[in-house]
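Listed below, chain by chain, are the residues.
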Amino acid sequence: MSRFLSEDLKNLVPYTPGEQLAGNFIKLNTNESPFPPSSRVAESLNTVEINKLNLYSDPTADLLVSEIAKYYSVKKENVAVGNGSDEILAFAFNAFGEKGFICPEITYGFYPVFADFFGIDLETVQMEDDLSINPEKYYSSKRNIILANPNAQTGIYLDLNEIERIVRSNENKIVIIDEAYIDFGGESAVSLIDKYDNLLVVQTFSKSRNLAGGRIGFAIGNKELIADINTMKFSFNPYNVNRLSILAGSASMSDCEYFIECTKQIIENRENLIEFCHANGFIVTPSKANFILMKHPSIDGKDLYLQLKEKGILVRHLGGLISDYIRVTIGSKEQMDKFKEKTSEIIKCKIQEI
């Protein structure tokens, strides 16, 4: 670091993204979709629109906001969009962080980074032995609450009734539900926003909408909360979603048939992988996301990650409290077949050594 860096930022530990390696790897480490965007996306990015890149994008992103509002049957005033859900989350931390936040000890790694960056008090809550979240630990909290649901890293889903109990018991605190993975098997909390003015739901186009490279995220909530998010946006970067991403996101949101087909295939591939894990002695979390967390009693998590990497397959080894596990993104059927083949080879060799 330079000698000019602010003292209060010198201990900042940045978020570590998944590896982006060149070469012929099967990439199952960053929870991207294995499928291309909807064909409507390519159609929307035509020469006429590309030639408008000399102009700023619409700061209200009205076309995109309108499509999101239509899909979720809410008003446009209930929707804010950002440069990925990470930007939306950053705005929320900055806007509502005065009372601090609590979150699970195992969750999305950006939450503690945001807390450090904005100087916000963050308390982590211990998980259950099976890595699930006990909702009662979040009732009547002294701090605001942020929960990824399904949870990042574990994929475990908290029932909507439990989410509502948490929101209801914290009427004077903000409850942020980060639903990056909700489309792969859960029920969104968007249905609760008219009932509770302290609920903010955050989603992304990176997973189920096949647009990780488009960097589009959004929040849905009470109009006053959305106004707060937009105040953060217009105080930081009013043109935060670029012209082409607005078009791509709008086209993607309108193609419900393709969205349903892609998520259906990922769910099927996930369930098949879970069956493989159970049949081969792995312990696996009951994921409702587009990834699973898995470990085997005969091999260390880091060792399995490294051996898979040698065989051309990238997965995520997160260390810490889940260092025995690897996290595996659900890819196409062909990718999953190759993953199972190589994993079986590794485990077979390891058992023979023992």
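Structure: above.
Residues numbered from 1 in each chain as written. Predicted model: local features only at pLDDT ≥ 70, side-chain atom pairs only at ≥ 80, totals over all residues. Heavy atoms only, no water.

Asker: So what's going on with the layout of surface pockets? Residues and values would help.
Answerer: Its volume calculated, the largest pocket comes out at about 1000 Å³. The wall of the largest pocket is formed by 47 residues, among which Tyr15, Tyr108, Gly109, Gln153 and Arg316 lie closest to the centre. Elements that contribute at least two residues to the lining of the largest pocket include exactly helix H4 (84-96), strand S3 (101-104) and helix H5 (110-118). At five residues, H5 tops the list of elements feeding residues into the lining of the largest pocket. Grouping the amino acids of the lining of the largest pocket by side-chain chemistry returns 20 nonpolar, 18 polar and nine charged. Size it by volume and the second largest pocket reaches roughly 190 Å³. Contributing to the lining of the second largest pocket are Glu87, Ala90, Phe91, Asn94, Phe114, Phe117, Phe118, Met232, Ser235 and Phe236. Sort the elements by how many residues they give to the lining of the second largest pocket and H4 lands first, with four residues. Here the residues of the lining of the second largest pocket are counted per class, giving seven nonpolar, two polar and one charged. (1 Å grid on protein atoms, 1.4 Å probe; cavity = no way out; pocket = protein on both sides within 12 Å on 5 of 7 lines; lining within 4 Å. Points joined across faces, edges and corners; volume = space filled by probe spheres on them. Helix = DSSP H or I, 4+ residues; strand = E, 2+ residues; numbered from the N terminus. Nonpolar A, V, L, I, M, F, W, Y, C, P; charged D, E, K, R; others polar.)

Asker: An account of the environment of Leu89 is requested, with residue identities and associated values reported.
Answerer: Structurally, the position occupied by Leu89 is in helix H4. What makes Leu89 buried here is its relative accessible area of 0%. Apart from residues no more than four positions distant in its own chain, Leu89 is found in contact with Tyr108, Tyr111, Phe114, Ile146, Ile176, Asp178 and Val202. (Buried < 20%, exposed > 50% of the residue type's maximum accessible area, 1.4 Å probe, protein only. Contact = heavy atoms within 4.5 Å.)

Asker: Pulling in residues and values, what's your account of the side chain of Arg327?
Answerer: Within the secondary structure, Arg327 sits in strand S12 (residues 326-329). In this structure Arg327 is buried but unpaired, with Glu32 as the nearest side chain of opposite charge at 8.8 Å. Side-chain polar atoms of Arg327 contact the backbone oxygen of Asn29, separated by 3.0 Å. Ignoring any residue separated from it by four or fewer positions in sequence, one finds Arg327 in contact with Leu28, Asn29, Thr30, Asn31, Gln153, Phe291, Ile292, Leu293, Val315, Arg316 and Leu318. (Lys, Arg positive; Asp, Glu negative; His and termini not counted. Salt bridge = Lys/Arg side-chain N within 4 Å of Asp/Glu carboxyl O. Polar contact = N/O pair within 3.5 Å; in protein donor to acceptor, adjacent residues only side chain to side chain.)

Asker: Kindly report on the environment of His317, identifying the contributing residues and their values.
Answerer: Relative to the assigned elements, His317 resides in the loop between strand S11 (313-314) and S12. Taking the relative accessible area as the measure of exposure, His317 reaches 23% and is therefore partly exposed. Between the C-alpha atom of His317 and that of Leu306, which follows or precedes it by eleven residues, the distance is 9.0 Å. Engagement of the side chain of His317 in a polar contact is seen with the backbone nitrogen of Lys302, the distance being 3.4 Å. Of the polar contacts made by the side chain of His317, one reaches the backbone oxygen of Ser323; its length is 2.8 Å.

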